[in-house]
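Fold and contact review
As a plain string of letters, each chain reads:
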Amino acid sequence: MKKTLSLIIGVLMGTSALIAAVPLWVDMATPGPDTYADGTPVLVGESYLLVHVAKDKEFGGLFMDGTLVDSKNNTLVFRWQTEAAGRCSPIHVQYPADKYVDGSWVVVLLDTRKADGTVGGVMVAQGATVKTGVASQTSPSSGTVLNAAPAAPAGGSTSLAAAGQVYVDALTPAPVITAVEPAGNTVNLRFKNIADNVSYRVESTADLASGQWQTVADRIDKKTGTVLMGAGGVEELKSSISVFGNNNVRFFRVMGPPKATAVK
């Protein structure tokens, strides 16, 4: 049985009359195969979003906490955990006839994998379909079928990939390393200035002049990581990093996502 989101089913008029509002609808799905940025097929339970985009506007992306960068022109209408691997399983979404009367729809795939590979963590990437116009409002039972993927290049794939950037608010503090403790072939690194719903990664290099940094740990966050109390009771995150060639000097840095200013 299809699950249905009904945002409104009726309006109570006067004292006793229930006037049914005829909803419009969107059938949301993707053909697949949808993947994460590393090529892994999307897991069952991963999140897809249905977003309405105002007329002549674009999808502005997402903050890492799942909110919209451009909440003035974009509206999050529905969130769906897919029941199929590698694609958005079909879902029938109803909405009031007086809403979303113009503009377009996009389906957005999230990457919420935790460090252990399971879904349900902080979002670290997203991918959006091409825009599909809202159905005409002239019919009493109009709907839009979204079974879309990005426009494919000649001979290319139409699969949706969660390879796009996600952001943090412009006021989010930059992480600061507080300790780097070598222990054999492991380095225990700690850093502060950690924010809720933000995922961090640790990069390393043996040669600062080269400018070549390699990711040695990622998907580090307060939701699933190890939070410790540092000096003055300040929260810190810990990351244990395996290193090789331990007699070489190594440098580390902690990176957060890029910053964006919210449009409201």
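Keep in mind that this is a model prediction, so the values were computed, not measured. (Residues numbered from 1 in each chain as written. Predicted model: local features only at pLDDT ≥ 70, side-chain atom pairs only at ≥ 80, totals over all residues. Heavy atoms only, no water.)

**Side note on the overall build of the chain**
Helices and strands together make up the secondary structure of the chain, namely zero helices and 22 strands. Within the chain, contacts between residues separated by at least 24 positions form 67% of all contacts whose residues are at least 6 apart in sequence. Summing over all exposed atoms, the chain offers an accessible surface of approximately 13500 Å²; the carbon and sulfur share of this is 54%. (Helix = DSSP H or I, 4+ residues; strand = E, 2+ residues; numbered from the N terminus. Contact = heavy atoms within 4.5 Å. Areas by Shrake-Rupley, 256 points an atom, 1.4 Å probe, with all protein chains shown as cover.)

**A short note on the nonpolar core**
Grouped together as the largest cluster of nonpolar side chains are 29 residues, with contacts concentrated most on Val51, Phe59, Leu62, Val108, Phe191, Tyr200 and Val202. At the level of secondary structure, the elements contributing two or more residues to this core comprise β6 (47-53), β9 (104-111), β16 (186-192), β17 (200-205), β18 (214-220), β20 (235-242) and β21 (251-255). Ignoring anything within four residues of it in the chain, the contact list for Val108 reads Ser47, Tyr48, Leu49, Val51, Phe59, Leu62, Gln126, Gly127 and Ala128. Tyr36, Val77, Leu160 and Ala162 belong to the second largest nonpolar core, which has 21 residues in total. (Core = buried A, V, L, I, M, F, W, Y, C linked by side-chain atoms within 4.5 Å. Buried < 20%, exposed > 50% of the residue type's maximum accessible area, 1.4 Å probe, protein only.)

**Remarks on the sheet that holds β20**
The four strands lie next to each other as β15-β16-β20-β19, forming an open sheet whose pairing is antiparallel. Here the strands that pair on one side only, and so sit at the sheet edges, are β15 (176-183) and β19 (226-229). Here the strands of the sheet are splayed against their neighbours by 30° on average, with no regard to which way each runs. Across seven bridges, the pairing between β15 and β16 is antiparallel. By the bridge assignment for β16, Ile177 is matched with Phe191. (Pairing = 2+ DSSP bridges. Axes fitted to C-alpha atoms, helices over the stretch in contact; angles between N-to-C directions.)

**Details of the packing of aromatic side chains**
Within the structure shown, the criterion is met by four aromatic pairs. Ring plane angle 65° and centroid distance 5.4 Å describe the contact between Tyr95 and Trp105, whose orientation is recorded as edge-to-face. With Tyr95 in strand β8 (residues 91-95) and Trp105 in strand β9, the pair connects residues that are ten residues apart, well separated along the chain. Overall, Tyr95 belongs to the buried group, its relative accessible area being 1%. Judged by relative accessible area, Trp105 falls into the buried class, the value being 0%. Measuring from ring centre to ring centre gives 5.5 Å for Tyr100 and Trp105, while their planes differ by 65°; the resulting arrangement is edge-to-face. Overall, the relative accessible area of 13% leaves Tyr100 in the buried class. A connected cluster of aromatic rings, assembled from ring pairs, spans Tyr95, Tyr100 and Trp105. (Phe/Tyr/Trp six-rings, centres within 6.5 Å; stacked < 30°, edge-to-face > 60°.)

**A few points about the sheet that holds β21**
The three strands lie next to each other as β18-β17-β21, forming an open sheet whose pairing is antiparallel. Of all strands in the sheet, those with a lone pairing partner are β18 and β21, marking the two edges. Each strand axis lies, on average, 20° off the axis of its neighbour in the sheet, ignoring direction. Pairing geometry for β17 and β18, over four bridges, is antiparallel. From the neighbouring strand, Glu203 faces β18, where its bridge partner is Thr215.

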